[in-house]
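# Fold and geometry: a report
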Amino acid sequence: WTQVEQKLGHSETGNVASARIIQMPNRRAWWRVAAIALLFISAGLWWMLKQDAPQMIVVQTVAKEQLEWQLPDGSTVWLNENTSISYDSVFADRLVTLEGEAFFDVEKRDGKLFEILSGDAKTTVLGTRFNVRAYSEENHIEVTVEEGQVKLANQVTKDNAVNLEAGDSGILNKTAQQVIKSETPISNANAWRTKQLNFEDITIGAALPSLERYFGVDIKAENEAVLNCHLKITFPEVPEIETVFAIIQEMTGESLIFEAQNGGYLLKGEGCNDDATN
């Protein structure tokens with residue numbers, strides 16, 4: 001009995017010895033600890049992998065803003081206003097997504113292609129200089145080549161493409177989903193970057209789109225005969241639109257009159273008698 005009492009914690013005096021409470025292992029608690037540990041390990045692995053994964057770079061301009069940007073392969077891109085480009089930081093595929101208008105000066109890299117996705121259009125080059133206009137609100141995507149060669153294709157239908165060389169322009173019609181090589185190169189496509197306008201003996205009708213694009217205004221003709229007047233002039237540093245109109249009016253002997261109307265301009269006049277205006 002003495003031995004039994006000692007095991008039960010009783011002394012000879014009958015006092016009860018202090019007892020120790022030992023809690024049995026709880027399986028649910030163990031699983032909670034394991035889950036928390038797994039969460040920390042997973043978070044750590046995710047963070048490590050994220051550091052090595054390519055990051056998406058986005059460059060964007062707002063209204064009245066233009067920007068020159070260097071790409072990882074040494075190519076340079078100039079962004080017009082309200083334009084954005086995106087690409088991965090590694091840039092192994094040399095792939096750029098464009099919305100808006102930009103001029104590209106692409107470096108050659110061991111025959112590796114350089115591609116631009118802009119809406120429905122895909123522009124593919126090796127190394128060249130060219131302008132791409134692809135604003136989402138416009139119905140056309142335009143590519144005009146300054147140097148080298150460019151391939152313009154429809155990345156949606158993938159059934160037609162055109163090869164463009166220096167001086168050529170290609171147009172993708174979003175409605176018709178058709179890519180064509182323009183019979184007449186787009187005049188002054190890069191004027192927004194160079195700040196120059198060059199009209200080399202072209203008709204007023206052919207010059208108006210350049211003026212509209214550069215100044216961001218609509219110009220309508222009251223009489224279609226005025227569109228046949230010819231213009232030969234270079235603006236090495238483009239002045240205000242009113243000054244441009246005044247110079248054109250002076251050159252045509254006041255055969256043309258530009259009148260401000262409804263936020264745009266109305267072109268009036270009887271037209272020109274000769275085929276060229278000097």
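So, here's what we can say about the structure. (Residues numbered from 1 in each chain as written. Predicted model: local features only at pLDDT ≥ 70, side-chain atom pairs only at ≥ 80, totals over all residues. Heavy atoms only, no water.)

In this section: the pattern of salt bridges. Enumeration according to the criterion identifies 11 salt bridges in this entry. Ionic pairing is found between Arg-133 and Glu-101, a salt bridge with its closest N-O pair at 2.8 Å. With Arg-133 in strand E8 (residues 129–134) and Glu-101 in strand E5 (residues 95–105), this pair connects stretches of sequence that are 32 residues apart. Here Arg-133 and Glu-101 have matching classes, each one buried. Where Arg-129 meets Glu-147, a salt bridge forms, and the shortest distance between an N and an O atom there is 4.0 Å. One end of the pair, Arg-129, is in strand E8; the other, Glu-147, is in strand E9 (residues 140–147), with 18 residues separating them in the sequence. The exposure class assigned to Glu-147 is partly exposed, which follows from its relative accessible area of 44%. Each of the salt bridges in this network shares a partner with another, and the network as a whole consists of Glu-101, Arg-133, Glu-138, Glu-142 and Arg-213. (Salt bridge = Lys/Arg side-chain N within 4 Å of Asp/Glu carboxyl O. Helix = DSSP H or I, 4+ residues; strand = E, 2+ residues; numbered from the N terminus. Buried < 20%, exposed > 50% of the residue type's maximum accessible area, 1.4 Å probe, protein only.)

Across a sheet, strands are paired by hydrogen bonds formed along the backbone, either parallel or antiparallel in direction. Here we have three strands laid out as an open sheet, ordered E15-E18-E17, and mixed in their pairing. With partners counted over all chains shown, the strands left at the sheet margins are strand E15 (219–221) and strand E17 (257–261), one partner each. Recorded for the sheet is a direction-independent mean angle of 30 degrees between the axes of neighbouring strands. Sheet topology places E15 next to strand E18 (residues 264–268); three bridges connect them, and they run parallel. Opposite Ala-221, over in E18, you have Leu-267 as the bridge partner. Docked against the sheet, helix H4 (residues 204–215) engages E15, E17 and E18, running at close to 160 degrees with respect to E15. (Pairing = 2+ DSSP bridges. Axes fitted to C-alpha atoms, helices over the stretch in contact; angles between N-to-C directions. Contact = heavy atoms within 4.5 Å.)

Moving on to the packing of H4 against helix H5 (residues 241–251). The N-to-C vectors of H4 and H5 enclose an angle of 165 degrees; their axes lie 12 Å apart at closest approach. Put simply, H4 runs roughly antiparallel to H5. Between H4 and H5 lies a crossing of right-handed hand. Contacts from Ile-204, Leu-211 and Phe-215 of H4 reach H5 at Ile-241, Val-244, Phe-245 and Ile-248. (Parallel < 35°, antiparallel > 145°, perpendicular 65-115°, else oblique. Left-handed = near helix turned anticlockwise from the far one by under 90°.)

Pairing of E17 with E18 involves five bridges; the strand directions are antiparallel. Across the sheet, residue Gln-261 finds its bridge partner in E18, namely Gly-264. Linking E17 to E18, which pair antiparallel, is a turn of two residues; within it Asn-262 sits at a positive phi near 55 degrees.

Another point: the packing of aromatic side chains. Applying the stated rule across the entire model yields eight aromatic pairs. Relative to Phe-114, the ring of Phe-91 lies with its centre 6.1 Å away and its plane at 70 degrees, an arrangement referred to as edge-to-face. In this pair, Phe-91 is assigned in the loop between strand E4 (84–88) and E5 and Phe-114 in strand E6 (residues 114–118), connecting sequence segments 23 residues apart. Take Phe-91 and Phe-114: they sit in the same class, and that class is buried. On the numbers, 6.2 Å between centres and 65 degrees between planes, the contact of Phe-104 with Phe-114 is edge-to-face. Of the two residues, Phe-104 sits in strand E5 while Phe-114 sits in strand E6, which places them 10 residues apart along the sequence. Taken together, the aromatic side chains of Tyr-87, Phe-91, Phe-104, Phe-114 and Phe-130 make up a single cluster linked through ring pairs. Between the NZ or CZ atom of Arg-193 and the centre of the ring of Trp-78, over which it lies, the distance is 4.4 Å. Over the aromatic face of Phe-103 sits the side chain of Arg-193, whose NZ or CZ is 4.2 Å from the ring centroid. (Phe/Tyr/Trp six-rings, centres within 6.5 Å; stacked < 30°, edge-to-face > 60°. Lys NZ or Arg CZ within 6 Å of the ring centre and 35° of its normal.)

On to unusual backbone geometry, then. For Asn-188, which is not glycine, the phi torsion reads 55 degrees and is therefore positive. Residue placement: Asn-188 occurs in the loop between strand E13 (178–181) and helix H3 (191–194). The backbone of Asn-262 sits at a positive phi, close to 55 degrees, despite the residue not being glycine. Structurally, the position occupied by Asn-262 is in the loop between E17 and E18. Taking relative accessible area as the criterion, Asn-262 reaches 82% and is therefore assigned exposed.

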